[in-house]
Amino acid sequence: MNKVKKFIMIGHIAKTELQTLFYSPIAWLVLVIIAIQTGMTFTDNFGSIVESQASGYSNTGISLRLFGPQGLLFMLQNNLYLYIPLLTMGLISRELSSGSIKLLYSAPVNNAQIVLGKYLAMMIFGLTIISIPLIYIIFCNFTVEHFELGAVLAGLTGIYLLICTYSAIGLFMSSISSYQIIAVICTVTTLGVLQVAGTMWQDMESVQDITYWLSISNRTTELFRGLICSEDILYFIIVSSLFLSLTIARLRVIRQKIAWPVAWSRYIGIFALAMLLGFLTTRPYLMSFHDATHQKSNTLTPASQKILSKLDGGLTITAYNNILDRNYYLTLPKARTFDKYRFRQYWRFKPEIKFQYIHYYDKVDNIALEQQYPGLSDREKMIKMAKYSQIDTSLFLCPEEIRKIIDLSHEGNRFLRVLERENGKKAILRTFDDNHSIPTENEISAALQRLVMETPIIGFFQGHETRDYTDPSERGYSRFSGDIQNRHALINNGFDITGVQLDKEVPDSIDILVIADVRTSLESSEMVHLNNYIAKGGNLVIAGDVNRQEYMNPITESLGVTFLAGQLVKPSRYSTADVIISQAGPEAHLLSAPYFYTGMQIVMPGCTALAYSSKKGYRVTPLFTCDSSWNKLEPSNFIDDTIRLNTTIGETIQNHVTALALSRRVNNKEQKIVILGDADCISNGEIGRWRANLPTRNHSLVGGIFHWMSDGQAPLDVRRPLSQDNKVFLDADELPLIKIVFQWIIPGLLFLMGLFIWIRRRGK
């Protein structure tokens, strides 16, 4: 019965406070301003989507575009810190300045009831605030195809929890002074400190987890993305409870006139308990997640989850950070907590992951550093960089010391991580020379896959002036194969690379043999070893080129494939006639759906057409073809001359095959062979080249070939379902009415309601 009376008293206090709020012009002004700002933001974003759709452009992921990390809710979050202090500044300071706090003390209520009653009023008023964006959400639920209501409501929940947390902070600040302006200043200051708390003392391992957890910055980001995490939800609850408890303790100090040493000991105890609870919520073992998005865009793909399910036992990720490398900043002591969060999706499924950090200095290819500190030794550069980063130089191992632990010279002493299982098996996870630098799910999961299964080995035939997997020139094949600095290279996506000679039998360890652009005839013994490899069911990639037919055809003869004489040409307004644009055939996507799709185009500069027969026992699939083309049988100047069809020498226009896939069952496994009419299409020069007006995907050709040949093992298929909320059921001519409703009518109604209540109160 007493508990019921306590709840009733809390309700009475909340009701009284709500009446004060809704009679206050400030509260209505805040609601009107929020309605105006959200209305303008929403109609602008919604209007741009409708107009682009009307113009024939496609839209994807409309729900989170409107309400996600860069949408309406994000804008509202950025402005809340200005509004909530105006609403909370008088919650208790008003009672202190007017003396009405003594009336509350004389009533049969305790400090907790006073605080909880006023906080309940703010929670209810918070529902009023979020009801404004809720109107837009309901509107979109009926006007956007397959609107992701669950994901957007997760973000709206984040806004409400943020309001409640700001209110608890403002309530406490209102209790420390009878002056409301001081309460506002203290509230805004505290919110500012919480925003930057995550960057404070991050170089001190003993407190870095606590300060990182205490930061309110970006706490709603994952909720805006549709991910509900127990850590974020509990953060808002714990921080709100912390400031409510401090407020109750503060009122007890005022009411009982407690000495300041005792009062501060209570404050510190409350704070310490909150930090302990907060620390526990960050432990991976105690965290839970729910991804409310259709695409599960906040969760590892099934392919990555499958790898982790096989990764039993402990896993340690050790970062070897060379301060002379350009990526040295990634795991400096002050960045370690943030660095661990890069693997958040992984320790969600494997919470026992441990992180280690080793810092050193050694010779590395860093042109910018050489230009900045010319003539200095590596140690002198280290001292300069350590001073710049405010780090003790004793943290860094010298070259001799690091080499006793691990020799990274073969990796160029670049920043990298070593993934090590409990059983001692290791894999390397690199950073890359691109704008992003940091590995993504593709590369992380590919490295983890090395720990749980055998890695496919690709052997590149060396000799006869073939394309070399170590050659970094335009003609070479290093970029897509063994370039450790390229995130798309096969070595970073689950393959091992090696060279192969045909002067002896191809080793059984070779899973795929690549023969590209042979320029002289193979020896008879080499042909015997190659044919033995084919007969045993070995997988093979063969790439020919112009003027190589006499050397390549003996290799493909047993496969029923012939490189036709001449050079394939097709005149185009965008390029010379020898630059062939080939399109994926209708069956290509059946072989490797992640990479091949109908209509996909690749550039083949200097290509020979392929003829084939199915009489050799292979199932033949044309991968890429070029229509309206012909084999030019006479020498031509493709730059200066006009290329014309010469029927007198047998040239005919037709659809020509430029890439083939062959398969058959051998020794209880499927043998897979790909033959390309051009060796340049996967060369360093072509993969790294952008051609104007030619939307081609040569890099996907590489991924598709080796994904098919490895039976889908690598590169990993980390695709997600396509977004469904891609269409709006409105026309552009309806936008003016929508703008009137959301930019004028809704704010106007709120203004009139507030004005009516204010006039009515004045009349009484």
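Residues numbered from 1 in each chain as written. Predicted model: local features only at pLDDT ≥ 70, side-chain atom pairs only at ≥ 80, totals over all residues. Heavy atoms only, no water.

Engineer: Mind showing me how you'd approach the pairing of strand β14 (residues 601-605) here?
Structural biologist: Put simply, side chains in a regular strand alternate between the two faces of the sheet. With five of its five residues buried, β14 lies for the most part within the structure. Of the two faces of β14, both are covered, the one formed by Gln 601, Val 603 and Pro 605 as well as the one formed by Ile 602 and Met 604. Strand direction decides the pairing type here: strand β13 (residues 579-584) and β14, joined by five bridges, are antiparallel. The partner of Ile 580 across the bridge, within β14, is Met 604. (Buried < 20%, exposed > 50% of the residue type's maximum accessible area, 1.4 Å probe, protein only. Helix = DSSP H or I, 4+ residues; strand = E, 2+ residues; numbered from the N terminus. Pairing = 2+ DSSP bridges.)

Engineer: It is not clear to me how the packing of aromatic side chains should be interpreted in this structure. Could you clarify?
Structural biologist: Two measures describe an aromatic ring pair: the distance that separates the ring centres and the angle between the ring planes. Taken as a whole, this structure holds 25 aromatic pairs when the rule is applied. Relative to Phe 125, the ring of Phe 22 has its centre 5.4 Å away and its plane inclined at 55°; by these criteria the two rings are tilted. Remark: Phe 125 occurs in helix α7 (residues 111-143) and Phe 22 occurs in helix α1 (residues 2-22); sequence separation between them is 103 residues. Given the relative accessible area of 23%, Phe 22 is considered partly exposed. Each member of the aromatic cluster is reached from another via a ring pair, and the members are Phe 42, Phe 46, Phe 67, Tyr 136, Phe 139, Phe 147 and Phe 742. Between Arg 219 and the ring centre of Tyr 235, over which it is positioned, the NZ or CZ distance is 4.2 Å. A cation sits over an aromatic face here: Arg 283 above Phe 279, 4.1 Å from the ring centre. (Phe/Tyr/Trp six-rings, centres within 6.5 Å; stacked < 30°, edge-to-face > 60°. Lys NZ or Arg CZ within 6 Å of the ring centre and 35° of its normal.)

Engineer: Would you mind going over the pairing of strand β17 (residues 654-666) with me for this structure?
Structural biologist: Relative to β17, strand β16 (residues 619-632) runs antiparallel, the two sharing eight bridges. Considered in β17, the bridge of Val 620 is made with Leu 662. Where β17 meets strand β18 (residues 669-676), eight bridges bridge the pair, whose relative direction is antiparallel. Pairing of Leu 660 across the sheet is with Ile 675, part of β18.

Engineer: Is there a simple way to think about the pattern of salt bridges in this case?
Structural biologist: Where side chains of opposite charge bring their charged atoms close, a pairing between them can arise. Tallied over the entire structure, the rule returns 36 salt bridges. Asp 517 is the salt-bridge partner of Arg 475, the closest N and O atoms lying 3.3 Å from each other. Of this pair, Arg 475 sits in the loop between β7 (457-461) and β8 (496-500) while Asp 517 sits in the loop between β9 (512-516) and α21 (524-535), and the two are 42 residues apart along the sequence. By relative accessible area, which is 28% here, Arg 475 ends up partly exposed. A salt bridge links Arg 719 to Asp 717; its shortest N-O distance comes to 2.8 Å. (Salt bridge = Lys/Arg side-chain N within 4 Å of Asp/Glu carboxyl O.)

Engineer: In this structure, what is going on with empty space enclosed by the protein? I would like to understand it.
Structural biologist: A probe matching the size of a water molecule, rolled over the atoms, marks out where space remains unfilled. Under the defined criterion, the tally for this structure stands at three cavities of 30 Å³ or more. Of the voids in this model, the largest cavity is the one considered here, and its volume is about 60 Å³. Elements represented by at least two residues in the lining of the largest cavity include exactly β6 (426-430) and α20 (441-449). Here the lining of the largest cavity is built from residues that sort into six nonpolar, three polar and three charged. (1 Å grid on protein atoms, 1.4 Å probe; cavity = no way out; pocket = protein on both sides within 12 Å on 5 of 7 lines; lining within 4 Å. Points joined across faces, edges and corners; volume = space filled by probe spheres on them. Nonpolar A, V, L, I, M, F, W, Y, C, P; charged D, E, K, R; others polar.)

Engineer: Quick question: what am I supposed to make of the environment of Asn 646 here?
Structural biologist: In this structure, Asn 646 sits in the loop between β16 and β17. With residues near it in sequence (within four places) discarded, Asn 646 still touches Lys 632, Glu 634 and Glu 651. (Contact = heavy atoms within 4.5 Å.)

Engineer: Sorry if this is basic, but what is going on with the side chain of Ser 700 here?
Structural biologist: The residue Ser 700 is located in helix α25 (residues 698-709) in this model. Given a relative accessible area of 4%, Ser 700 falls into the buried group. In this structure, Ser 700 is in contact with Tyr 595, Phe 596 and Met 600, ignoring residues within four places of it in sequence.

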